[in-house]
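# Summary of structural features
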Amino acid sequence: MSEKIAKLEINGEKYEFPVIEGTENEIAIDIKNLRGSTNGVITIDPGYKNTGSCESAITFLDGEKGILRYRGYAIEDLAEKADFLEVAYLLIFGELPTSKQLAKFHKDIKAQSIVDDDIKKIIDAFPKTAHPMGVLASLTSALTAFNPSSVNVDSEEEMYNAIVKILGKFPVLVAWAMRKKQGLPLDYGNSSLGYVENILQMMFKKPHEEYKLNPIVVNALDKLLILHADHEQNCSTSTVRMVGSSHAGLFASLAAGISALWGPLHGGANQAVLEMLEGIREDGGDTKKYMAKAKDKSDSFRLMGFGHRVYKNFDPRATIIKKAADEVLADLGVEDPILDIAKGLEKEALEDSYFVDRKLYPNVDFYSGIIYRGMGIPTEMFTVMFALGRLPGWIAQWREMRLRKEPIGRPRQVYIGENHREFSKISDR
Ligand code: ACO
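Just so it is clear, the structure is predicted and the values come from calculations on it, not from any experiment. (Residues numbered from 1 in each chain as written. Predicted model: local features only at pLDDT ≥ 70, side-chain atom pairs only at ≥ 80, totals over all residues. Heavy atoms only, no water.)

The next subject is the nonpolar core. Looking at soluble globular proteins, one finds that nonpolar side chains tend to be buried together. Formed by 118 residues in total, the largest nonpolar core has its most connected members in Tyr-70 and Leu-303. When residues are assigned to domains, this core turns out to be shared by domain 2 (75-263 + 380-404) and domain 3 (268-375), each giving three or more. (Core = buried A, V, L, I, M, F, W, Y, C linked by side-chain atoms within 4.5 Å. Buried < 20%, exposed > 50% of the residue type's maximum accessible area, 1.4 Å probe, protein only. Domains from an automatic or database assignment.)

Attention now moves to the packing of aromatic side chains. By the definition in use, this model includes 14 aromatic pairs. Ring centres 6.4 Å apart and planes at 50 degrees place the aromatic pair Phe-105 and Tyr-160 in the tilted group. Separated by 55 residues along the polypeptide, Phe-105 in helix H4 (residues 99-111) and Tyr-160 in helix H7 (residues 156-182) bring together distant segments of the chain. For Phe-105, a relative accessible area of 0% corresponds to the buried category. A residue is classified by how much of its surface remains accessible, and Tyr-160, at 18% relative accessible area, is buried. (Phe/Tyr/Trp six-rings, centres within 6.5 Å; stacked < 30°, edge-to-face > 60°. Helix = DSSP H or I, 4+ residues; strand = E, 2+ residues; numbered from the N terminus.)

Attention now moves to the environment of Ile-320. Considering the arrangement of structural elements, one finds Ile-320 in helix H14 (residues 316-332). Placed 89 residues apart in sequence, Ile-320 and Gly-409 show a C-alpha to C-alpha distance of 35 Å. Leaving out residues up to four positions away in the same chain, Ile-320 has contacts with Ile-75, Glu-76, Ala-79, Lys-223 and Leu-227. (Contact = heavy atoms within 4.5 Å.)

Take the domain arrangement of the chain next. Examined at the domain level, the chain breaks down into domain 1 (5-52), domain 2 (75-263 + 380-404) and domain 3 (268-375). The C-alpha centroid of domain 3 is placed 27 Å from the C-alpha centroid of domain 2. Contacts between domain 2 and domain 3 engage 25 residues on the former and 24 residues on the latter. In total, domain 2 and domain 3 occlude about 2,100 Å² of area from one another, counting both sides; carbon and sulfur atoms represent 69% of this. When residues of domain 2 are sorted by the area they lose upon contact with domain 3, Leu-224, Leu-227 and Phe-382 head the list and together hold 31% of the total. Our enumeration of links across domain 2 and domain 3 arrives at 0 salt bridges. At the boundary of domain 2 and domain 3, one finds 7 residue pairs in polar contact (both at pLDDT 80 or more). For the side of domain 2 that touches domain 3, the secondary-structure elements that each account for two or more residues are helix H2 (75-81), helix H9 (215-227), helix H11 (250-262) and helix H18 (382-403). In terms of residue class, the side of domain 2 that touches domain 3 is made up of 14 nonpolar, 7 polar and 4 charged. (Buried area = accessible area lost by both parts, 1.4 Å probe. Salt bridge = Lys/Arg side-chain N within 4 Å of Asp/Glu carboxyl O. Polar contact = N/O pair within 3.5 Å; in protein donor to acceptor, adjacent residues only side chain to side chain. Nonpolar A, V, L, I, M, F, W, Y, C, P; charged D, E, K, R; others polar.)

Applying the stated criterion across every chain yields a total of 0 disulfides. Free cysteine: Cys-54, not disulfide-bonded; nearest cysteine sulfur from Cys-235 at 14 Å. For Cys-235, a relative accessible area of 47% puts it in the partly exposed group. (Disulfide = S-S within 2.5 Å.)

This paragraph deals with the sheet that holds strand S4 (residues 59-62). Strand order in the open sheet made by the 3 strands is S4-S5-S6, with antiparallel pairing throughout. Two strands in the sheet have a free side with no partner beyond their single neighbour: S4 and strand S6 (73-74). The pairing of S4 with strand S5 (residues 67-70) spans 4 bridges and is classified as antiparallel. Within S5, the position partnered with Asp-62 by the bridge is Ile-67. (Pairing = 2+ DSSP bridges.)

Let us look at the pairing of strand S2 (residues 13-21). Sheet topology places strand S1 (residues 5-10) next to S2; 6 bridges connect them, and they run antiparallel. Residue pairing in the sheet places Leu-8 in a bridge with Tyr-15 of S2. Linking two consecutive strands that pair antiparallel, namely S1 and S2, is a turn of 2 residues; a positive phi of about 50 degrees is found at Asn-11 within it. Here S2 pairs with strand S3 (residues 27-29) via 3 bridges, running antiparallel. Bridging from a neighbouring strand, Ile-20 pairs with Ala-28 of S3.

Structure (structure tokens):
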């Protein structure tokens with residue numbers, strides 16, 4: 001326990017608060033007793049930019065240095081040497097699995113990968129135009145109805161069963177959300193395949209032909225899912241923890257997280273990148289014009305996929321995924337005018353003093369959308385793919401929050417409305 005103290009003076013009264021330090025020397029003022037000791041004073045911090053909502057042992061990131069680690073392991077090592085299921089196990093249970101543990105984990109997930117056939121009726125009720133993120137959030141919520149038992153978090157076994165259930169069923173829902181839009185029959189994949197291989201098969205297999213797995217595509221998707229698997233207390237993860245803090249079940253908490261991820265300021269950015277590139281192409285493909293617009297302060301246009309709230313030097317995930325993007329596109333022989341526009345923008349931005357001075361580099365979403373498009377995944381599915389990758393992170397954070405017996409999330413506010421007013425009858429107004 002650190003001996004450091006933070007001192008606060010309000011209207012001449014002095015207070016002291018403990019300062020806590022994380023394992024990476026991050027410092028936080030512990031204000032748990034602020035209201036009690038100050039007679040009701042609170043802090044205000046819209047967007048929680050200065051507020052730690054929890055202590056967590058899952059993910060460490062340092063935006064200045066471009067560091068991202070899951071459970072202490074560098075993202076570069078995990079992306080290179082581990083597969084997605086190993087990383088999921090690591091995030092959720094804290095340690096890399098032995099081969100025996102991993103085999104059991106995968107077997108248990110596969111045993112739970114059947115989604116109740118009646119869920120198809122719910123899918124049928126959606127119009128084909130429905131956004132797959134809305135469909136995914138609804139179907140994840142619907143799973144609650146088909147798996148009603150709430151999780152007794154004091155039972156490791158119940159917790160484990162809930163986790164393998166959702167890891168088994170979620171990829172089926174993802175594939176169904178895409179296939180419904182394309183008018184393809186919904187099926188359950190092939191449980192003799194690896195986790196990621198099966199996802200690709202479930203998404204792309206045509207009813208009348210064999211689906212041939214391409215190892216370069218499998219490897220790229222595996223990496224993309226690993227890179228998106230956790231990012232500490234972001235908007236969707238905080239939502240999962242917040243909803244779970246009311247002791248709502250795991251699936252209900254995840255459904256809320258999916259909705260939070262949908263927004264263009266969060267997971268929706270990968271879709272926004274492709275829409276921007278398509279817009280530039282339709283307008284004649286003049287990248288210089290759009291570079292100028294991005295730099296013009298009187299123009300609201302921003303180069304989507306550039307810059308990051310936390311990473312101010314580079315996004316370590318972007319460095320890893322750029323390589324995979326080059327491999328996939330070369331292997332698939334993709335020729336796409338959108339890619340030429342993307343490459344043009346990337347080159348110009350990396351050499352332009354506006355972007356260099358402001359430390360605006362391509363982020364993971366700039367490249368992820370390009371790979372997904374190369375793989376034949378429709379633009380509207382990009383954020384769904386992000387959700388698929390983020391699932392283990394959400395589960396790990398929900399599990400940690402429940403095991404640490406965190407209190408229900410309930411922020412305070414500073415009220416700025418009317419003071420007490422006399423009620424007047426409607427006839428007197
Ligand atoms: N294009 C043009 N200018 C930009 C961009 C951009 N993409 N991003 C930032 N800037 C400029 C700002 O205008 C500002 O300039 P100024 O100092 O002259 O006023 C400066 O760079 C700093 O920008 P902020 O908005 O203060 O940076 P912040 O950290 O708040 O925003 C954000 C980060 C939201 C990601 C921003 O860079 C952005 O909007 N990028 C495009 C959207 C995007 O790609 N989002 C995905 C993020 S990755 C993810 O969610 C997984």
